[in-house]
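Notes for the structure review
Each chain is listed here by its residues.
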Amino acid sequence: MPSPSADALTVVLTKAGRVKKSYPARRLADDGTHLVVEAPWASPEARDFGFVRFAPGDVFTEHYWTTTWYAVKEVRAADGRLKGWYCDVTRPAVREEGSVRVDDLELDLWVPPPGGGQALRLDEDEFLASGLPTSDPHAAERARAALADLEALARRDGDRTAFRALLAY
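So, here's what we can say about the structure. All figures in this text were calculated on a predicted structure; none of them were measured in a lab.

1. Let's talk about the pairing of strand β8 (residues 82-90)
In terms of burial, β8 is largely enclosed, as nine of its nine residues are buried. Where strand β7 (residues 70-76) lies against β8, seven bridges are found, and the strand directions are antiparallel. Within β8, the residue paired with A71 across the bridge is D88. The hairpin formed by β7 and β8 contains five residues between the paired strands, and G80 there has a positive phi angle of roughly 90°. In this structure, β8 lies alongside strand β10 (residues 99-111), joined through five bridges in antiparallel fashion. Within the sheet, the bridge partner assigned to T90 lies in β10 and is D104.

2. Notes on the nonpolar core
Within the largest apolar cluster, 27 residues are counted, with the highest numbers of intra-cluster contacts made by V72, V111, L150, F163 and L166. When residues no more than four places from it in sequence are discounted, the contact partners of V72 are T61, E62, H63, W65, W85, Y86, C87, L150, F163, L166 and L167. Formed by 13 residues, the second largest nonpolar core is a distinct cluster that contains L13, Y23, L35 and A71.

3. Section: the layout of surface pockets
For the largest pocket, the calculated volume is near 570 Å³. The wall of the largest pocket is formed by 29 residues, among which K20, K21, K73, Y86 and D88 lie closest to the centre. Within the residue set of the lining of the largest pocket, elements represented by two or more residues are β1 (8-15), β2 (18-30), β3 (34-40), β6 (59-65), β7, β8 and β10. If you tally residues by element for the lining of the largest pocket, the top one is β10, at four residues. Taken together, the residues that form the lining of the largest pocket break down as 15 nonpolar, two polar and twelve charged. Here the second largest pocket defines a volume of roughly 160 Å³. In terms of lining residues, the second largest pocket is bounded by K15, A16, R91, D103, D104, L105, E106, S130, L132 and S135. Counting residues per element, the ones that place at least two in the lining of the second largest pocket are β10 and α2 (132-135). The biggest single contributor to the lining of the second largest pocket is β10, with four residues. Partitioning the lining of the second largest pocket into residue classes produces three nonpolar, two polar and five charged.

4. A word on the packing of aromatic side chains
Within a pair of aromatic rings, the relevant descriptors are the distance that separates the centres and the angle that separates the planes. Applying the stated criterion to the full structure yields eleven aromatic pairs. The interplanar angle of 70° and the centroid separation of 5.3 Å between the aromatic rings of W65 and Y70 together place this pair among those described as edge-to-face. Judged by its relative accessible area of 8%, W65 falls in the buried class. Relative to W110, the ring of Y86 has its centre 6.4 Å away and its plane inclined at 50°; by these criteria the two rings are tilted.

5. Points about the pattern of salt bridges
This model, assessed by the stated rule, comprises 14 salt bridges. Between R101 and E96 there is a salt bridge; the shortest N-O distance is 3.2 Å. Looking at R101, the relative accessible area reads 28%, which means it is partly exposed. In this structure E96 comes out as partly exposed when scored by relative accessible area, which is 34%. We note a salt bridge from E124 to R121, for which the minimum N-O separation is 3.1 Å. Its relative accessible area of 36% is what places R121 among the partly exposed residues. Several salt bridges share partner residues, and in doing so they unite R121, E124, E151 and R155 into one network.

Parameters and conventions
- Residues numbered from 1 in each chain as written.
- Predicted model: local features only at pLDDT ≥ 70, side-chain atom pairs only at ≥ 80, totals over all residues.
- Heavy atoms only, no water.
- Buried < 20%, exposed > 50% of the residue type's maximum accessible area, 1.4 Å probe, protein only.
- Helix = DSSP H or I, 4+ residues; strand = E, 2+ residues; numbered from the N terminus.
- Pairing = 2+ DSSP bridges.
- Core = buried A, V, L, I, M, F, W, Y, C linked by side-chain atoms within 4.5 Å.
- Contact = heavy atoms within 4.5 Å.
- 1 Å grid on protein atoms, 1.4 Å probe; cavity = no way out; pocket = protein on both sides within 12 Å on 5 of 7 lines; lining within 4 Å.
- Points joined across faces, edges and corners; volume = space filled by probe spheres on them.
- Nonpolar A, V, L, I, M, F, W, Y, C, P; charged D, E, K, R; others polar.
- Phe/Tyr/Trp six-rings, centres within 6.5 Å; stacked < 30°, edge-to-face > 60°.
- Salt bridge = Lys/Arg side-chain N within 4 Å of Asp/Glu carboxyl O.

Below, the structure written as structure tokens:
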């Protein structure tokens, strides 16, 4: 857990305006538009998603932008091995005093490390069930475009060079 300092902040994840979870993180970089934080896996128990298993000791380097409709979380095992990138389609991040808030729009993309297979689209059924395509067609269009952009980057090259370039800070 980060020590109290100027680098400590809270990540607040919301869905449909309600707080889903919040957790402490440590600021690694911040240029006013692109915020990079580091946080440990927040659960005391492992969670197996079928395509990846998150576990205590995993470290998430999380990238948030105030200008894009997604957030990207690089996931590494406790031994430093890259597990991959979990991409959340979100509204642009909102900076608040001591925190960053992101509203999850249900669509996700899992990008395995080089040699780990193709990117996987996730939660499209949850996106449709959320009602967003009807209640906010503009946001739904932006969400679908963000997912397509991330997937195109992930599929551009086998070593994920283009995708990694997105995360440079």
